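Secondary and tertiary structure notes
One letter stands for each residue in the lines below.
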Amino acid sequence: MKIGILSLNASLYSTKRLVDAGDKLGHEMHVIDYLRCYMNITAHKPIVVYKGQPLEGFDAIIPRIGASKTFYGTAVVRQFEMMGVFTANRSQAISRSRDKLRCLQLLAKKGIGLPVTGFAHSPKDIEGLIDIVGGPPLVIKLLEGTQGIGVVLAETTQAAKSVIEAFRGLDANILVQEFIKEADGMDIRCFVVGDKVVASMKRQGAPGEFRSNLHRGGSAEQIKLTPEERSIAVRAAKTMGLNIAGVDILRSNHGSVVMELNSSPGLGGIEKATGKDVAGKIIEFLEKEGTLGKNSDRVEY
Ligand code: ADP
């Protein structure tokens, strides 16, 4: 197959691993900087031009779209869809999953366990919002945050009010969540490919840190999921219409709950922690699904 990886940087671990895995399985691999793609909007013969040359003959693409480049990145993915090229994740699913509130609303509708979560727009509604999630301690999150930046633990109502007021004062969108204390700074990353979890790791925050992000000094190792957790992770990805997803789970007193989904999950942390060939699983998924011509999005919202 001729496979394109939409990535800004060919030397990133994840990009390199996908190229290697594809090469190893006999495919023709190309890294495409999607910010250098331009397109014609036409019904007749849509094309993507890359650095002056039209991209032709591609069977499949693997989008690795950065959170800050979602708007343009998904437009490029959509153009490939218009050209009939199979994509590992559809443009709509990527956009959908980038909106944390939309994600949580969709997951809740499907009955997938979540931390009790609330959101509000007006600072006048702060007290009601704090009530909705059962009072302190609670976690306040910036909707636009990644890598644990903008995730704050408030232990008292006063602290919660101050933080919410400060964020709202900056016009930032936030959500408020019950604090799952019993997770004890640990979360689980499930790497879903198609309808399977192909690797899973637990991430433990540094001592005294409730956030387990590796970027915040957390450590990672392989973990065995319960059958229920496997099923939650696969259902969560399916609910969002994602074929490839990182599903983050917390173990709470009321069962395992989904915290968030990532449509371009990194391969570095998980391959190193588990020793699994996750990149190879993604290429095998393309081999299987990319030739079936099944490429639609059936999610309602
Ligand atoms: P980001 O998308 O910025 O990584 P997350 O929502 O994943 O933000 O939160 C970062 C970390 O904080 C998580 O990996 C988890 O360890 C911890 N965390 C997030 N929400 C909660 C919560 N409701 N209860 C307990 N810990 C949480």
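Described below are features of the structure shown in this document. Since we're looking at a predicted model, the values are computed, not measured.

Regarding its fold elements, the protein chain presents nine helices and 16 strands. Its C-alpha atoms give the protein chain a radius of gyration of 20 Å, within 12% of the compact-globule value 19 Å for 301 residues. With the C-alpha coordinates aligned to their principal axes, the bounding extent of the protein chain is approximately 60 × 40 × 35 Å. For the protein chain, with 301 residues in total, the buried portion stands at 50%. Looking at the protein chain alone, contacts between residues at least 24 apart form 68% of all its contacts between residues at least 6 apart. About 14400 Å² of surface is accessible on the protein chain, with carbon and sulfur atoms providing 51% of the total.

Here we come to the packing of helix 1 (residues 13-24) against helix 9 (residues 278-289). Contact geometry for helix 1 and helix 9: axes closest at 8 Å, N-to-C directions at 60°. The pairing of helix 1 with helix 9 is recorded here as oblique in orientation. Note on packing geometry: the crossing formed by helix 1 with helix 9 is right-handed. Only A279, G280, I282 and I283 of helix 9 make contact with helix 1, whose side of the interface consists of R17, L18, A21 and G22. Class assignment for the residues of the contact of helix 1 with helix 9 results in five nonpolar, two polar and one charged.

Now for the packing of helix 4 (residues 100-109) against helix 7 (residues 227-240). Running from amino to carboxyl end, helix 4 crosses helix 7 at an angle of 115°, the nearest separation of the two axes being 10 Å. Between helix 4 and helix 7 lies a crossing of right-handed hand. Facing C103, L106 and L107 of helix 4, the residues of helix 7 in contact are A236, T239 and M240. The residue makeup of the contact of helix 4 with helix 7, split by class, is five nonpolar, one polar and no charged.

Turning to the site of the ligand, a few remarks are in order. Among the 20 residues in the neighbourhood of the ligand, the closest are listed as K141, G148, I180, N213 and E260. One nitrogen or oxygen atom from the main chain of I180 is found 2.9 Å from a nitrogen atom belonging to the ligand. Measuring from an oxygen atom of the ligand, one finds a side-chain N or O atom of N213 at 2.8 Å. For the ligand, whose free accessible area comes to 550 Å², the fraction covered by protein is 96%. Secondary structure elements with two or more residues in the shell around the ligand: strand 9 (138-142), strand 11 (174-178) and strand 16 (255-262). There are two domains that each give the shell around the ligand at least three residues, and those are domain 2 (117-179) and domain 3 (182-292).

A few words now on the packing of aromatic side chains. By convention here, two paired aromatic rings are described through the distance between centres and the angle between planes. In total, this model carries three aromatic pairs according to the counting rule given. Measuring from centroid to centroid gives 6.5 Å for F58 and F80, while their planes differ by 75°, and the two rings are edge-to-face. Of this pair, F58 sits in the loop between strand 5 (53-54) and strand 6 (60-63) while F80 sits in helix 2 (residues 70-82), and the two are 22 residues apart along the sequence. You can call F58 buried: its relative accessible area is 11%.

Moving on: the pattern of salt bridges. Per the stated rule, a full pass over the model turns up 11 salt bridges. R90 is paired through a salt bridge with E81; the nearest N and O atoms lie 3.8 Å apart. Across this residue pair, the class does not change: R90 and E81 are buried. Notably, a salt bridge pairs E127 with K161, separated by 2.6 Å at the nearest N-O pair. Of this pair, E127 sits in helix 5 (residues 126-132) while K161 sits in helix 6 (residues 157-169), placing them 34 residues apart in sequence. Taken together, the shared-partner salt bridges in this structure form one network comprising D187, R189, R203 and D248.

The next thing to look at is the sheet that holds strand 16. Taken together, five strands build an open sheet; the order of strands is 14-13-12-15-16 and the sheet is antiparallel. Pairing within the sheet leaves two strands with one partner each, and these edge strands are strand 14 (219-222) and strand 16. In this sheet, adjacent strand axes meet at a mean angle of 30° when their direction is disregarded. As defined by bridge partners, strand 13 (residues 196-204) adjoins strand 14 across four bridges and the pair is classed as antiparallel. Bridge pairing in strand 14 links R203 to A220. Sheet strands touched by helix 9: strand 12 (186-193), strand 13 and strand 15 (244-252). Its angle to strand 12, the strand with the most contacts, is close to 35°.

Moving on to the nonpolar core. Within the largest apolar cluster, 30 residues are counted, with the highest numbers of intra-cluster contacts made by C190, V247, V258 and L261. Judged by nonpolar contacts, the second largest core, of 24 residues, contains L18, M29, V198 and I283.

Conventions we followed
Residues numbered from 1 in each chain as written. Predicted model: local features only at pLDDT ≥ 70, side-chain atom pairs only at ≥ 80, totals over all residues. Heavy atoms only, no water. Helix = DSSP H or I, 4+ residues; strand = E, 2+ residues; numbered from the N terminus. Rg over C-alpha atoms; globule rule 2.2 N^0.38 Å. Buried < 20%, exposed > 50% of the residue type's maximum accessible area, 1.4 Å probe, protein only. Contact = heavy atoms within 4.5 Å. Areas by Shrake-Rupley, 256 points an atom, 1.4 Å probe, with all protein chains shown as cover. Axes fitted to C-alpha atoms, helices over the stretch in contact; angles between N-to-C directions. Parallel < 35°, antiparallel > 145°, perpendicular 65-115°, else oblique. Left-handed = near helix turned anticlockwise from the far one by under 90°. Nonpolar A, V, L, I, M, F, W, Y, C, P; charged D, E, K, R; others polar. Near = heavy atom within 4 Å. Polar contact = N/O pair within 3.5 Å; in protein donor to acceptor, adjacent residues only side chain to side chain. Domains from an automatic or database assignment. Phe/Tyr/Trp six-rings, centres within 6.5 Å; stacked < 30°, edge-to-face > 60°. Salt bridge = Lys/Arg side-chain N within 4 Å of Asp/Glu carboxyl O. Pairing = 2+ DSSP bridges. Core = buried A, V, L, I, M, F, W, Y, C linked by side-chain atoms within 4.5 Å.

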